[in-house]
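What follows is the residue order along each chain.
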Amino acid sequence: LAVGMGVGQVLLVLLAACVVTPAKDLLLNICMDAKHHKTKPGPEGMLYGQCSPWKDNACCTANTSSEAHKDQSNLYNFNWNHCGLMPPKCKRHFIQDTCLYECSPNLGPWIDQADSSWRRERVLHVPLCKEDCEEWWEDCKDYLTCKENWHKGWNWATGTNRCPWGSMCRPFSQVFPRPKDLCEKIWSSSYKYSTERRGSGRCIQMWFDPAQGNPNVVVAKYYAWKKRSSAPWTENVTPETDKAACALPWPVLVLLPLALVVVSEGAWGCGS
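What comes next concerns the included structure. Bear in mind the structure is a predicted one, so any value in this text is a computation, not a measurement. Numbering of residues starts from 1 in each chain and follows the order in which that chain's sequence is written. In keeping with the model being predicted, local features are shown solely for residues with a pLDDT of at least 70 and side-chain atom pairs are shown and tallied solely at 80 or more, while totals for entire chains, interfaces and linings include all residues. Just so you know, side-chain values use all the structure's heavy atoms and leave hydrogens and water out.

### Points about the packing of helix α3 (residues 88-103) against helix α4 (residues 130-140)
Put simply, the rule reads: Every axis in this analysis is a line fitted to C-alpha atoms, fitted for helices over the stretch in contact. Angles between the N-to-C directions lie between 0 and 180 degrees. To qualify as a helix, a DSSP run of H or I must reach at least 4 residues; to qualify as a strand, a run of E must reach at least 2; elements of each kind are numbered from the N terminus. In this scheme, roughly parallel covers angles under 35 degrees and roughly antiparallel covers those over 145, while 65 to 115 is roughly perpendicular and the rest are oblique. Left-handed is the label given to a crossing in which the near helix is rotated counterclockwise from the far helix by less than a right angle, and right-handed is the label when the rotation is clockwise. Throughout, a contact is declared for two residues whenever any of their heavy atoms are within 4.5 Å.
Running from N to C, α3 and α4 point in directions that differ by 140°, and their axes come no closer than 7 Å. The angle between the axes of α3 and α4 places the two elements in the oblique class. The handedness of the crossing between α3 and α4 comes out as left-handed. Facing Lys89, Cys90, Arg92, His93, Phe94 and Asp97 of α3, the residues of α4 in contact are Glu135, Trp136, Asp139 and Cys140.

Below you can see the structure in the form of C-alpha cells.
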C-alpha cells in the first residue's frame, strides 16, 4: 500500500506542476516562416518610420522596416507605381500593411502553409478592423491599378512588376467596388474584412498607438483560444478559464485516476 501511495503521490505532484505551469501556446508570440522574418520575435529599437510601433517586440529587422518604405523596395522588387505615382495618403496604408505583415508577432492564429518558392508560411483570413479597411479604401479609391490580385499574374520581364499585356489601368473604386473587396482580394485572402471595430479585442489593427500598448496581443489570444476550443473536448471552456494544454506523457494521464483511488484508500486506511 505504501508503494502504491508513493506512486500515486508522484502522479499527483506531476498533475499539480502541470496546472501551475501550462504549456506554451504555439499560436502566440511567433514569427511565420517567410522570406524576411526573424525566427523569433524580440526587441528592435531602430525600426524605421511606420514600423516603429512594433519596436518592443518585432519579427522584422531594422533593415526590413526601412525597405518597407521605399517605392522600389528590395524586399520583393515590388513597385507601387505601376499605374502612375501612388499618392502618399494611399501609399501609407500599403507601407503599414507591409509593416504588419513583416513585423507583427501576433498573427499566429492565421498562419497557413504556403506553396511559394520564397516562403513556407503565409497568413490567411486575418480579421482586419473595419476602420483600417475602410480608411485604406477611402484613401486609395482614386489611385489607378490594373489588377485585382497583387500576389500573382504580373509581367516580371524587367525584374519588377509591370501590368500584364492587354490590361488597363482603372481607378481602385472600379477594381475594388467596396472596402471589403480591397482587403480580401488584393493579397489572395490574407485579410478578411471584419465588422468589428478598433479596440474591440476581436480584430487586428494595422494602425495603433504604441504608447497604449499593442492591441493585437489580446486579439491573438482570443482567436488562439477560439481555435483550441473548437476541439470537441474543450467546448465548455471560456477564455478566462482556459489554460494551455499540459504536456504530460500519456501514461501519466492514464494512471491519474488510479493514483487518486490509491491515495484516497491510503488516507482511509490511515484513519481506521
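### Some points on unusual backbone geometry
As a reminder of what qualifies: Only protein chains enter the accessibility calculation, which uses a 1.4 Å probe. A residue is then buried if its area is under 20% of the maximum for its type, exposed if over 50%, and partly exposed in between.
Not every positive phi belongs to a glycine, and Asn29 is a case in point at roughly 55°. Structurally, Asn29 is set in the loop between α1 (2-20) and α2 (62-67). Of the residues examined, Asn29 reaches a relative accessible area of 39% and is grouped as partly exposed. Even without being a glycine, His125 presents a positive backbone phi close to 65°. Locating His125 in the fold gives a position in the loop between β2 (121-123) and β3 (126-128). With relative accessibility at 40%, the residue His125 sits in the partly exposed group.

### Some remarks on the pattern of salt bridges
Proximity of charged atoms lets side chains of opposite charge pair with each other. Rules: A pair is scored as a salt bridge if a Lys or Arg side-chain nitrogen falls within 4 Å of a carboxyl oxygen belonging to Asp or Glu.
Tallying each qualifying case throughout the model produces 15 salt bridges. With a closest N to O distance of 3.6 Å, Glu131 and Arg197 form a salt bridge. On the criterion of sequence distance, the pair formed by Glu131 in helix α4 and Arg197 in the loop between β6 (191-193) and α7 (216-229) is long-range, its members being 66 residues apart. A salt bridge links Glu148 to Lys185; the nearest nitrogen and oxygen atoms lie 3.6 Å apart.

### Regarding the environment of His151
Cut-off, in case you're wondering: Each polar contact in these results corresponds to two N or O atoms within 3.5 Å; when the atoms are within protein, one needs to be able to donate a hydrogen and the other to accept it, and residues that are neighboring in sequence are counted only if both atoms are side-chain atoms.
Relative to the assigned elements, His151 resides in the loop between β4 (144-145) and β5 (170-171). With a relative accessible area of 28%, His151 lands in the partly exposed category. The sequence separation of His151 and Ser188 amounts to 37 residues, and the corresponding C-alpha distance is 6.6 Å. Those residues in contact with His151, other than ones at most four positions away along the chain, are Arg119, Arg122, Ile186, Trp187, Ser188 and Ser190. Within the structure, His151 has its side chain in polar contact with the backbone oxygen of Trp187 (distance 3.2 Å).

### Some points on the nonpolar core
This is how it is decided: The set of buried Ala, Val, Leu, Ile, Met, Phe, Trp, Tyr and Cys residues whose side-chain atoms join them within 4.5 Å is what this entry labels a nonpolar core.
Membership of the largest hydrophobic core comes to 51 residues, with the highest contact counts inside it found for Trp54, Phe94, Trp136, Trp150, Phe172, Trp187 and Tyr191. The set of elements that each furnish at least two residues to this core consists of α3, β3, α4, α5 (172-175), α6 (179-185), β6 and α7. Considering every element that reaches this core, the biggest residue donor is α3, with seven residues. Setting aside residues up to four positions removed in sequence, Phe94 forms contacts with Trp80, Met86, Trp136, Cys140, Trp150, Phe172, Ile186 and Trp187.

### Describing the packing of aromatic side chains
Where two aromatic rings form a pair, the distance of their centres and the angle of their planes describe that pair. So the rule is basically this: Only Phe, Tyr and Trp rings are paired, with Trp represented by its six-membered ring, and only when their centres lie within 6.5 Å; those with planes under 30 degrees apart are stacked, over 60 edge-to-face, the remainder tilted.
Applying the stated criterion to the full structure yields 19 aromatic pairs. An angle of 80° between the planes, with centres 6.2 Å apart, marks the rings of Trp136 and Tyr191 as edge-to-face. With Trp136 in helix α4 and Tyr191 in strand β6, this pair connects stretches of sequence that are 55 residues apart. As far as burial versus exposure is concerned, Trp136 and Tyr191 are alike and both buried.

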